[in-house]
Amino acid sequence: RPITWTDILVDAVERYDFTFAEWVHNLHRRQLGVGFPAPWFDASTILVQDSKEASPTFSVISFLKPFSYEVWGMIFGLIVFSAIIYWKMDMLISSRRRNITGADLFFPAMAFTQHHIEWNPSTHSQRIFSFSLSFWALIMGAAYTANMASFLVAPDQPAYTEITLKQATEQGAKVCARFGAAVENQLKRSYPGLKIVSGEAFSDTYLKLRNRECLVMATRASDWSKYQRDTEVNPSCSLQWIGRAE
């Protein structure tokens, strides 16, 4: 196999007491027994994420969030369809013609809200139909309540999520890295399918992370130590080191 810089480093520490160079300090080399007694520059790759929570916003249609618009459309269509079916059944039973009224639409709509009022079917067919509609309304009401509870709990969850680069590759998540830097080249070699969002400079890369153009940012540990207290790249101190890339 081709000789790597790690092979040269291991050979150097076995032959000599010290070796002086800009060796990259990473977990693999430490596992091979290489010690880095003078941490002048930590070139290991770390992951940084923005933990700033999104500001809550008020919306008059927030009650629609537990279901998608497609589901709401299906519910409305089923209510109208149920009203027509009930109207047709009533016409067949009474043997008289009548126009569909607001009551025919009102009763199925109230069944969805778990309020049946004075809906009193007079035949077995109407009772079976009414029971099936009420059972469907019970299931939909329970699903709505469960989804609404999840929307209320979700804002209390941590704003950041620990993730590895392997998981980011599998999930299709985007990772920020400085354009042309050693970190970007390392990510392209080690994770060919990883979606990388590049920034021309450090400030551009941090800005893309704060703008949520990527889930995490990959950078050198020493570079992070330099920029984490910079008011331009981390104005609200919301950026956090969440782990190493190894």
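Residues numbered from 1 in each chain as written. Predicted model: local features only at pLDDT ≥ 70, side-chain atom pairs only at ≥ 80, totals over all residues. Heavy atoms only, no water.

1. Observations concerning the overall build of the protein chain
Worth spelling out the cut-off: The way it works is that DSSP assigns letters per residue, a run of H or I at least four long becomes a helix, a run of E at least two long becomes a strand, and they are numbered from the N terminus. Note on exposure labels: buried denotes an accessible area under 20% of the residue type's maximum, exposed denotes more than 50%, and partly exposed covers the range between, all computed with a 1.4 Å probe on protein chains only. Any pair of residues with heavy atoms lying within 4.5 Å of one another is described as a contacting pair.
In terms of helices and strands, the protein chain carries nine helices and five strands. In the protein chain, the succession of α and β elements from N to C terminus is α-α-β-α-α-α-α-β-α-β-α-β-α-β. Per-residue burial for the protein chain yields a buried fraction of 33% across its 246 residues. Taking all contacts inside the protein chain whose residues are at least 6 apart in sequence as the whole, residues at least 24 apart take part in 60%.

2. Let's talk about the packing of aromatic side chains
Our working rule: Ring pairs are drawn from Phe, Tyr and Trp, using the six-membered ring of Trp, whenever the two centres fall within 6.5 Å, and their geometry is named by plane angle: stacked under 30 degrees, edge-to-face over 60, tilted for the rest. Two conditions define a charge located above a ring, namely a distance within 6 Å from the ring centre to NZ of Lys or CZ of Arg, and an angle within 35 degrees of the ring normal.
The final tally for this structure, using the stated rule, is six aromatic pairs. With a centroid separation of 6.3 Å and 65° between ring planes, the pair formed by Trp5 and Trp23 is classed as edge-to-face. Of this pair, Trp5 sits in helix 1 (residues 5–15) while Trp23 sits in the loop between helix 1 and helix 2 (27–31), and the two are 18 residues apart along the sequence. Taken together through their ring pairs, the aromatic side chains of Phe67, Trp72 and Tyr144 make up a single cluster. We note Arg178 situated over the ring of Phe202; from NZ or CZ to the ring centre the distance is 4.4 Å.

3. Let's talk about the nonpolar core
Here is a general trend for soluble globular proteins: nonpolar side chains tend to be buried in one another's company. The following threshold applies: The nonpolar core is taken to be a set of buried Ala, Val, Leu, Ile, Met, Phe, Trp, Tyr and Cys residues, with the residues joined through side-chain atoms within 4.5 Å.
The biggest cluster of nonpolar side chains holds 14 residues, and the ones touching the most others in it are Val48, Tyr206, Leu209, Met217, Trp224 and Leu239. For this core, the secondary structure elements donating two or more residues are strand 1 (45–50), helix 8 (202–210) and helix 9 (221–227). For Trp224, the residues in contact, after removing those within four places along its chain, are Ile46, Val48, Tyr206, Thr219, Asn234, Leu239, Gln240 and Trp241. If you look at the next biggest cluster of nonpolar residues, it comprises 13 residues, including Leu165, Ala173, Ala177 and Ile242.

4. Regarding the side chain of Arg29
Heads up, the rule is: Two residue types count as positive, namely Lys and Arg, and two as negative, namely Asp and Glu; His and chain ends fall outside the count. A pairing counts as a salt bridge when a side-chain nitrogen of Lys or Arg comes within 4 Å of a carboxyl oxygen of Asp or Glu. As used in this structure description, the phrase polar contact means that two N or O atoms lie within 3.5 Å; if the pair is within protein, one of them must be able to donate a hydrogen and the other to accept it, and residues adjacent in sequence are counted only when both atoms belong to side chains.
Within the element layout of this structure, Arg29 appears in helix 2. This buried residue, Arg29, is left without a salt bridge; Asp7 holds the nearest opposite charge, at 8.8 Å. Of the polar contacts made by the side chain of Arg29, one reaches the side chain of Thr6; its length is 3.1 Å.

5. Overview of the state of the cysteines
Condition: The disulfide criterion used throughout: a pair of cysteine sulfur atoms within 2.5 Å.
Scanning the model with the defined rule gives one disulfide in all. Across the disulfide, Cys176 is cross-linked to Cys214 (sulfur-sulfur distance 1.9 Å). A torsion of -105° about the S-S bond marks the disulfide between Cys176 and Cys214 as left-handed. You can see Cys176 sitting in strand 2 (residues 174–178) and its partner Cys214 sitting in the loop between helix 8 and strand 4 (216–220), a full 38 residues away along the chain. You'll find Cys176 and Cys214 in the same group, each marked buried.

6. Quick look at the environment of Ala12
Tracing the chain through its elements places Ala12 in helix 1. When the C-alpha atoms of Ala12 and Val34 are compared, they prove to be 9.8 Å apart, with 22 residues separating the residues in sequence.

7. A short note on the sheet that holds strand 1
So the rule is basically this: Any two strands between which DSSP finds at least two bridges are classified as paired. Interaxial angles span 0 to 180 degrees and are taken between N-to-C directions of axes, which are lines fitted to C-alpha atoms, for helices over the stretch in contact.
Strand order in the open sheet formed by five strands is 3-2-4-1-5, with mixed pairing between adjacent strands. Of all strands in the sheet, those with a lone pairing partner are strand 3 (195–199) and strand 5 (239–244), marking the two edges. Averaged over all adjacent pairs, the angle separating strand axes in this sheet is 35°, with direction ignored. Both strand 2 and strand 3 contribute to a ladder of five bridges, which runs parallel. Bridging from a neighbouring strand, Val175 pairs with Ile196 of strand 3. Docked against the sheet, helix 7 (residues 182–190) engages strand 1, strand 2, strand 3 and strand 4, running at close to 115° with respect to strand 4.

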